[in-house]
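Residue strings, one per chain:
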Amino acid sequence: MPVPPPVTGTEAATTRIPAAPPPAGPPPEVPGTDAPTTAIEAPGTQARSTSVLRDPLALVLIFVTVIALALAGLIGAELIARRIADNKVAKATECVVHDKASASFGVTPPFLWQHITGNYTNISIHTAGNQVKDAKQMTADLNISDVDLHGNGDSKGTIGALDATLTWPAAGIKETVQSMVPILGNLVSDLKTNSRDGTVELKGAFGLATVVVKPEVVNGGLSLQVQKLTGLGALTLPRESLQPELDRFAAELTKRYPLGLRADSIEVTDTGVVARFSTRNASIPRSDDPCFANL
């Protein structure tokens, strides 16, 4: 076998050994282009979502949660609206009676429904007992029901029923008589109520003069009828002078009661006097009275 001729230096210099191929891998990034991104979903996420939707218990829990949140929102709105309404009615009452007052609306139906429909089932009002207008130490308890605020040009609406109970202690009667009945007030140093015969006894200093009056309901109003005058009262306070003063005093106490309130009864107790007033199907007048401006 013939032997190939040896490679000369020139031929060795020009002989090239092939370069090894580059390693396999991602293509080089081209400047100015964004590499594509691939969203990788956590293993099992889709499976868990599907299992929750297919689980009846999970669906019930979701439904109950949504209902609970909705109810919580409604209850919160109900409580806030009720509190605002209570405060507005209380402030209006305080303006009228010149005393602190509290008010509350009936619990059924919900207040929001009453407000939307304009029909209020029941409103209760209680005053602090310092005074009712000019009557010192008097307490008023009012119960108002069936209020309809669908008014017309002449009224703001109607009140189905309003019942008021006025409680007046003996000390308050004495203080009020002293300030509002000049012909008698200067002589009164003590006042006593007698539940047995329904009279009020006004005594002067040192027992020198005594006037006994009987509170009564006359034509829907209050009247104080003189029953007896003894001591110096018989001389210094003749009946024909005293009775007109007592009539004026009783009329002054009740003349500014709103909505056609009329006296139903008056009871003399051992501690004072309790009077009950009421009105039915009363029209709520349109008025510029600032006490009712925010209602």
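Calculation notes
- Residues numbered from 1 in each chain as written.
- Predicted model: local features only at pLDDT ≥ 70, side-chain atom pairs only at ≥ 80, totals over all residues.
- Heavy atoms only, no water.
- Pairing = 2+ DSSP bridges.
- Helix = DSSP H or I, 4+ residues; strand = E, 2+ residues; numbered from the N terminus.
- Axes fitted to C-alpha atoms, helices over the stretch in contact; angles between N-to-C directions.
- Contact = heavy atoms within 4.5 Å.
- Salt bridge = Lys/Arg side-chain N within 4 Å of Asp/Glu carboxyl O.
- Buried < 20%, exposed > 50% of the residue type's maximum accessible area, 1.4 Å probe, protein only.

The name given to the chain in an unreviewed UniProt entry is DUF2993 domain-containing protein, with Mycolicibacter longobardus as the source organism.

Trainee: Whenever I open this one, the sheet that holds strand β10 (residues 221-231) confuses me. Can you help?
Mentor: Adjacent strands of a sheet form backbone hydrogen bonds with each other and so pair up, either parallel or antiparallel. Pairing is antiparallel in the open sheet, where four strands are placed in the order β7-β8-β9-β10. Each end of this open sheet is capped by a strand with a single partner; those strands are β7 (188-194) and β10. This sheet shows a mean twist of 25° between the axes of neighbouring strands, independent of strand direction. Two elements, strand β8 (residues 199-204) and strand β9 (residues 209-218), share four bridges in a ladder whose sense is antiparallel. Bridge pairing in β9 places valine 200 opposite valine 213. Here helix α5 (residues 170-180) sits on the sheet in contact with β7 and β8, set at roughly 140° to β7.

Trainee: Any chance you could explain the pattern of salt bridges here in plain terms?
Mentor: If charged atoms from side chains of opposite charge come close, those side chains can pair. Throughout the structure, instances matching the rule amount to six salt bridges. A salt bridge links arginine 280 to aspartate 163, with the nearest nitrogen and oxygen atoms 3.1 Å apart. You can see arginine 280 sitting in strand β12 (residues 272-285) and its partner aspartate 163 sitting in strand β6 (residues 155-169), a full 117 residues away along the chain. Look at arginine 280 and you get partly exposed, because its relative accessible area is 47%. The residue glutamate 245 makes a salt bridge to arginine 248 at a minimum N-O spacing of 3.4 Å.

Trainee: Explain the sheet that holds strand β5 (residues 139-148) here, please?
Mentor: Strand order in this open sheet of six strands is β1-β2-β5-β6-β12-β11, and the pairing throughout is antiparallel. Two strands close off the open sheet at either side, each with one partner strand: β1 (101-105) and β11 (262-268). Mean inter-strand twist for the sheet, computed between neighbouring axes without regard to direction, equals 15°. Of the strands in this sheet, β1 and β2 (119-127) touch helix α3 (residues 56-97), which is tilted by about 140° from β1.

Trainee: Explanation requested: the pairing of β10 in the structure shown.
Mentor: On any regular strand, side chains alternate: one points to one face of the sheet, the next to the other face. Sheet topology places β9 next to β10; ten bridges connect them, and they run antiparallel. The partner of lysine 214 across the bridge, within β10, is glutamine 225. Taking the residues that link successive antiparallel strands as the turn, the β9-β10 hairpin has two residues, and the phi of asparagine 219 there is positive, at about 55°.

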